[in-house]
Amino acid sequence: MLRRGTLLAGATTVALYLAATVAPASAAPAPLAPQPPAAMLEALQRDLGLTAEQAVQRLANEQRAAASESALSGELGADYAGAWLNGDASQLSVATTDAADAAAIRAKGAQPVIVGRTLAELNAVKDGLDQASAEARAGASLWYVDVATNSVVVLTGDQAAGEALVAAAGVDKNAVRVTLSAEKPQALANIIGGLAYYIGSSRCSIGFSVRKGTTPGFVTAGHCGRAGNTTSNPSGTFQGSSFPGNDYAWVATPGHTVQPWVRGSGGANVIVRGSTQASVGASICRSGSTTGWRCGVIRQHNASVTYSQGTVSGLTRTTVCAEPGDSGGSYISGSQAQGVTSGGSGNCTVGGTTYHQPVNEILSAYGLTLVTG
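Each chain carries its own residue numbering, running from 1 in the written order of its sequence. Confidence filtering applies because this is a predicted model: local features only for residues at pLDDT of at least 70, side-chain atom pairs given and counted only at 80 or more, and all residues used for totals across whole chains, interfaces and linings. Only hydrogens and water are set aside; all other atoms, that is, all heavy atoms of the structure, feed into the side-chain values.

Thoughts on the pattern of salt bridges
Using the following cut-off: The term salt bridge refers to a side-chain nitrogen of Lys or Arg lying within 4 Å of a carboxyl oxygen of Asp or Glu. Helix and strand definitions here come from DSSP, where helices need a minimum of 4 consecutive H or I residues and strands a minimum of 2 consecutive E residues; each element is numbered from the N-terminal end. Relative accessibility decides the category of a residue: with a 1.4 Å probe and only protein chains considered, values under 20% of the type maximum give buried, values over 50% give exposed, and everything between is partly exposed.
If you walk through the whole model with that rule in mind, you get 7 salt bridges. The residue Asp130 makes a salt bridge to Lys126 at a minimum N-O spacing of 3.0 Å. With a gap of 4 residues between them, Asp130 and Lys126 both fall in helix 5 (residues 119-130), about one helical turn apart. By relative accessible area, Asp130 is classed as buried at 19%. By relative accessible area, which is 1% here, Lys126 ends up buried. In this structure, Arg286 engages Asp326 in a salt bridge whose closest nitrogen and oxygen atoms are separated by 3.6 Å. Of this pair, Arg286 sits in strand 17 (residues 283-288) while Asp326 sits in the loop between strand 19 (310-318) and strand 20 (330-333), and the two are 40 residues apart along the sequence.

Some words on the environment of Gly344
Position of Gly344 among the secondary structure elements: in strand 21 (residues 336-347). The exposure class assigned to Gly344 is buried, which follows from its relative accessible area of 4%.

A closer look at the packing of aromatic side chains
The following threshold applies: Each Phe, Tyr or Trp ring (for Trp, its six-membered ring) is paired with any other whose centre lies within 6.5 Å, and the angle between the two planes then decides the class: stacked below 30 degrees, edge-to-face above 60, tilted in between.
Summed over the entire model, instances satisfying the criterion amount to 4 aromatic pairs. Judged by centre distance (5.6 Å) and plane angle (90 degrees), the ring pair of Tyr248 and Tyr366 falls under edge-to-face. Linking Tyr248 in strand 14 (residues 248-252) with Tyr366 in helix 8 (residues 359-366), this pair joins segments that are 118 residues apart in sequence. An aromatic cluster of at least three residues, connected via ring pairs, comprises Tyr197, Phe218 and Phe238.

Regarding the state of the cysteines
Put simply, the rule is: Throughout, disulfides are identified as pairs of cysteine sulfur atoms within 2.5 Å of each other.
Tallied over the full model, the rule gives 3 disulfides. A sulfur-sulfur separation of 2.0 Å characterises the disulfide bridge that pairs Cys204 with Cys224. With the S-S bond torsion at -90 degrees, the cross-link from Cys204 to Cys224 turns out left-handed. Of this pair, Cys204 sits in strand 9 (residues 202-204) while Cys224 sits in the loop between strand 11 (215-220) and strand 12 (230-231), and the two are 20 residues apart along the sequence. Residue Cys204 shares its accessibility class with Cys224, and that shared class is buried. One disulfide in the model links Cys285 with Cys295; its S-S distance is 2.0 Å.

What to know about the sheet that holds strand 14
Hydrogen bonding along the main chain pairs the strands of a sheet, whether they run parallel or antiparallel. Filter applied, for reference: Pairing between strands is defined by DSSP: at least two bridges between them are needed. Contact criterion: two residues are considered in contact whenever any of their non-hydrogen atoms come within 4.5 Å of each other. Axis geometry follows a simple rule: fit a line to the C-alpha atoms, using only the stretch in contact for helices, then measure angles between N-to-C directions, giving values from 0 to 180 degrees.
Reading across the sheet, the 6 strands line up as 12-13-14-11-10-23 and stay open at both edges, with antiparallel pairing between neighbours. A strand with exactly one partner marks an edge of an open sheet, and here the two such strands are strand 12 and strand 23 (369-370). By the bridge criterion, 4 bridges tie strand 10 (residues 209-212) to strand 11 in an arrangement that is antiparallel. Bridging across to strand 11, Arg211 finds its partner in Pro216. Its contacts with the sheet place helix 8 against strand 10, strand 11, strand 13 (236-242), strand 14 and strand 23, and it is angled at close to 60 degrees to strand 14.

The values reported here are purely geometric and, on their own, carry no functional implication.
Here it is, written out as structure tokens:
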């Protein structure tokens, strides 16, 4: 078990965080951020084995990395091939197919990596796997774009079945790595009692507060309910739901007050300030009604996962643990909403891997506005 470090509080923590947000001379300047929530710092210490100082520094590094990645993805245009943070989030690497981009990448404080395939090309390969027949897709547990290796990875319990998926999709096999894995994701909804919200006798977790016009509500996982299903505690009605293919839904909750909060460690509220996507390698925390507040790191964006009900695409893969009933719950990095829990493998006793549906896709699909502080 990872140790739980000492949490600094008050003025000391503020001073540490403000000092950490001062960018080095080689990096693009970044605005000072609000003090990190104590619940987030505590969970990062517990789940990533960090000291309080390391947790503060990591969040500051990740804030700068997100700004640099956003700027460079636009500046590099068609050459852009993805970005990722190293293990302690102290260095952002940015991939490009054109060596002439190296100077622009270094100017943003990042490390250039020259690769053979653009991110658009990798996404096209991954999209090809998504479009293979259901029979072919059933042979693999999941597949995702892995920007750090400039490839698309297929995880499967049967090497031949994984290779058959690649062949059936008709994609460039040189861009795909088929890897044996015992990982078998499953949707995390269950039918036991507990907190959060209920669909009949089933329980799931609220993602983020949203509005559609003046109607309040929340986003959650699509496998938790279908359009027209009603919920209790809080009372509401599913207005839209997509699963499989996607794994998202939104529930209208007239009469309830929506708040810009995620429930953190010990019941403390973590404020949501936006929904900027965090970099691969960034820390991320999850809140759910079964296992509460848990943290880990982002491994990959744009993963496709095959559940028994079908394939879900466009998920983000993380090292955060989860268990049944956590489905639909919030993923947040710093103060930025990231997504809602879809499924995973393992548990919070032995550790696990989880997948979340990016929140910005849900907001766009249903014309929703995220409630922020």
